Amino acid sequence: MGARVIDRTFDRAEVGHRKSIRQVAFASFIGTAVEWYDFFVYGTAAALVFPKLFFPRFDPLSGTLASFATFGVGFFARPIGGAVFGHLGDRIGRKSMLVATLLLMGGATFLIGLLPTFEQIGVLAPILLVTLRFVQGFAVGGEWGGATLMAFEHAPEEARNFYASWPQLGVPAGLMLSTGVFAAFSSFPETQFFAWGWRVAFLLSIALIVVGLVIRLRVAESPVFSSVKARGEESKAPLLEVLRNHRLALVLAIGVVFVNISGFYIVTTFSLSYLTKQLGVPTNVALVGNVLFSASEAVSILIFARLADRVGKHRVAICSAGCIVLFSYPFFWLLSTRAPALIWLAMCVSAFIGSALYGITGAILAGLFAARVRCSGISLGYQMAGMLGGAPAPIIATYLIHWSGGATWSVATYLAASSLITLVAVYVASHRQSVAILADPVVVSSLQQ
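Cut-off values and rules
- Residues numbered from 1 in each chain as written.
- Predicted model: local features only at pLDDT ≥ 70, side-chain atom pairs only at ≥ 80, totals over all residues.
- Heavy atoms only, no water.
- Helix = DSSP H or I, 4+ residues; strand = E, 2+ residues; numbered from the N terminus.
- Buried < 20%, exposed > 50% of the residue type's maximum accessible area, 1.4 Å probe, protein only.
- Contact = heavy atoms within 4.5 Å.
- Areas by Shrake-Rupley, 256 points an atom, 1.4 Å probe, with all protein chains shown as cover.
- Core = buried A, V, L, I, M, F, W, Y, C linked by side-chain atoms within 4.5 Å.
- Axes fitted to C-alpha atoms, helices over the stretch in contact; angles between N-to-C directions.
- Parallel < 35°, antiparallel > 145°, perpendicular 65-115°, else oblique.
- Left-handed = near helix turned anticlockwise from the far one by under 90°.
- Salt bridge = Lys/Arg side-chain N within 4 Å of Asp/Glu carboxyl O.
- Phe/Tyr/Trp six-rings, centres within 6.5 Å; stacked < 30°, edge-to-face > 60°.
- pLDDT = per-residue confidence, 0-100.
- Patch = residues over 30% accessible without salt bridge, like charges linked within 9 Å, V, L, I, M, F, W, Y side chains within 5 Å.
- Nonpolar A, V, L, I, M, F, W, Y, C, P; charged D, E, K, R; others polar.

Asks: Got a sec to walk through the overall build of the protein? Specific residues and values, please.
Replies: A tally of regular secondary structure across the protein gives 21 helices and 0 strands. Evaluated residue by residue, the protein yields a buried proportion of 59% over its 449 residues. For the protein, restricting intrachain contacts to residue pairs at least 6 apart in sequence, the fraction spanning at least 24 positions comes to 86%. In the structure as shown, the protein presents an accessible area of about 17300 Å², 68% of it carried by carbon and sulfur atoms.

Asks: Break down the nonpolar core for me, citing the residues and quoting the values.
Replies: Among the nonpolar cores identified, the biggest contains 113 residues, and Val49 and Phe50 are the most heavily contacted of them. Looking at this core, the element that brings in the most residues is helix H13 (residues 247–278), giving 17 residues.

Asks: For the environment of Trp198, give the residues involved together with the corresponding values.
Replies: Looking at where Trp198 falls in the secondary structure, it is placed in helix H9 (residues 190–203). Looking at Trp198, the relative accessible area reads 0%, which means it is buried. A sequence separation of 13 residues divides Trp198 from Phe185, and the C-alpha atoms of the two residues are 6.9 Å apart. With residues near it in sequence (within four places) discarded, Trp198 still touches Val49, Phe50, Leu53, Phe54, Ile112, Phe182 and Phe193.

Asks: Run through the packing of H13 against helix H19 (residues 393–403), naming residues and quoting values.
Replies: Orientation of H13 relative to H19, taken along the N-to-C sense of each, is 45°, at an axis distance of 8 Å. Between H13 and H19, the interaxial angle falls into the category oblique. In the crossing of H13 with H19, the sense of the turn from one axis to the other is right-handed. Mapping the contact onto sequence places Ser262, Tyr265, Ile266, Thr269, Phe270, Tyr274 and Gln278 in H13 and Ala393, Pro394, Ala397, Thr398 and Ile401 in H19.

Asks: Describe the pattern of salt bridges, with residues and values.
Replies: In this structure the tally under the stated criterion is 2 salt bridges. The residue Arg374 makes a salt bridge to Glu153 at a minimum N-O spacing of 3.0 Å. Highlighted residues: Arg374 in helix H18 (residues 374–390) and Glu153 in helix H6 (residues 124–154), separated in sequence by 221 residues. Look at Glu153 and you get buried, because its relative accessible area is 0%. Across the salt bridge formed by Glu241 and Arg372, the nearest N and O atoms sit 3.0 Å from each other. In this pair, Glu241 is assigned in helix H12 (residues 238–245) and Arg372 in the loop between helix H17 (361–366) and H18, connecting sequence segments 131 residues apart. Taking relative accessible area as the criterion, Glu241 reaches 11% and is therefore assigned buried.

Asks: Got a sec to walk through the packing of aromatic side chains? Specific residues and values, please.
Replies: Overall, the coordinates contain 14 aromatic pairs when judged by the stated rule. Pairing Phe85 with Phe138 gives two aromatic rings, centres 5.3 Å apart and planes at 55°, and the pair type is tilted. On the criterion of sequence distance, the pair formed by Phe85 in helix H3 (residues 60–91) and Phe138 in helix H6 is long-range, its members being 53 residues apart. According to the relative accessible area criterion, Phe138 is buried, its value standing at 19%. Taking 5.7 Å as the distance between ring centres and 20° as the angle between the ring planes, the aromatic pair formed by Phe270 and Tyr274 counts as stacked. With Phe270 and Tyr274 both in helix H13, this residue pair falls 4 residues apart, about one helical turn. A relative accessible area of 4% places Tyr274 in the buried class.

Asks: Let's hear about the confidence of the model for the protein: which residues, and what values?
Replies: In this model, the protein carries a mean pLDDT of 81, and residues with pLDDT of at least 70 account for 88%. Within the model, the stretch residues 1–17 combines pLDDT values under 50 with 6 contacts to residues more than four positions away or in other chains.

Asks: Go over a nonpolar patch on the surface with me, naming the residues and quoting the values.
Replies: On the surface, Ile121, Val123, Leu124, Ile127 and Leu128 cluster together into a nonpolar patch covering about 400 Å² of accessible area. It is H6 that contributes the most residues to the nonpolar patch, 3 residues altogether. Given the relative accessible area of 31%, Leu128 is considered partly exposed.

Asks: Requested: an account of the packing of H6 against H18, with residues and values cited.
Replies: Remark: H6 packs on H18, axes separated minimally by 9 Å, with the N-to-C direction vectors making an angle of 130°. Taken together, H6 and H18 sit at an angle that is classed as oblique. In this structure, H6 meets H18 at a crossing whose hand is right-handed. Between H6 and H18, the residues in contact are Val140, Gly141, Trp144, Gly145, Gly146, Thr148, Leu149 and Glu153 and Arg374, Cys375, Ile378, Ser379, Tyr382 and Gln383, respectively. Its residues placed into classes, the contact of H6 with H18 shows 6 nonpolar, 6 polar and 2 charged.

Here it is, written out as structure tokens:
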């Protein structure tokens, strides 16, 4: 009789813990999806709308470059946001930072939807656009680290890669939603689309923010952070501690993430402009390609994150980075055919092989840093990779196409080189001993029950 009571008590505890981690993972996913929707909707507008409305006095090439430059401002703000919110995440807690970044991002995105154009207020229009883009980047810089650690630090060891991949699912969800909204309104007559249709994608953010906040406010703080705080072991200056004691880990973190971000924006932002403006492919074909890219990315994340729990995350990451190198040139050859089916095939394959690495990026980075500075370490590493790899990617790719007279081998080489940087970083990281993921033996015991 006693054994049965114990068994039932254990079963209830196990079921309760599984339900809890699923709630945390879902909350991380929903909030991240909302924030990335906000961030990506700007990238789509930068390729299709902003050159005409905010930089009308430039020639087409210069207008596109100027628009992508404002897009890049967000990436330069991301390391600042990562440093600030990473510091607060290690000092105050992961959960409160998620609420703050969600509100900040949503407010900036909503205001972009209300901005007057160059025709209405002149040079003040692009200045305000750049300012709000900076706020977007600052907010998203603090979002990723906190969301990833909430899922990662709640998860049991045997499924840590899988649950830590859920915040990464927010990327394809946000991209799919933002692209879908733009695709719907781009089917309107051009005058209506440029007059007000594009604004709807930004104004919808306010409703998504409310949904994200309701879900996120219900989850508990990370047990790892709670353990660190209970023992009074918080770092007084986590960012300085990372820069002083975890320099190699920080460099490796930047390298691991590098192709995830640079490659992503080459495929989803630069390619959108290249297909529509250089090759004359209809906008809807390019936008559908981004939607299919997102769907393929989501499937890949879930499949390979689960596989990583069985065969090891570094094996999956090395294979993924190697495949990106090999597919760099075929990707642009398929785009150059102008055939919708082949364009969509290129987008799907690119997403599938690249997202095998992206899904487990959070788990790889978290294993490089001690719990007391983990939020600062992974946030700064990820966002520095965004500034170095993501910000210049559309600009460099646009320049390379122009420099090479329209030849895609130049951009393909750029993508392959980015992949090699990540391949080397993952290989070195795989030979480093990971730090203790959980901060306290009691927490370890409770999470494994």
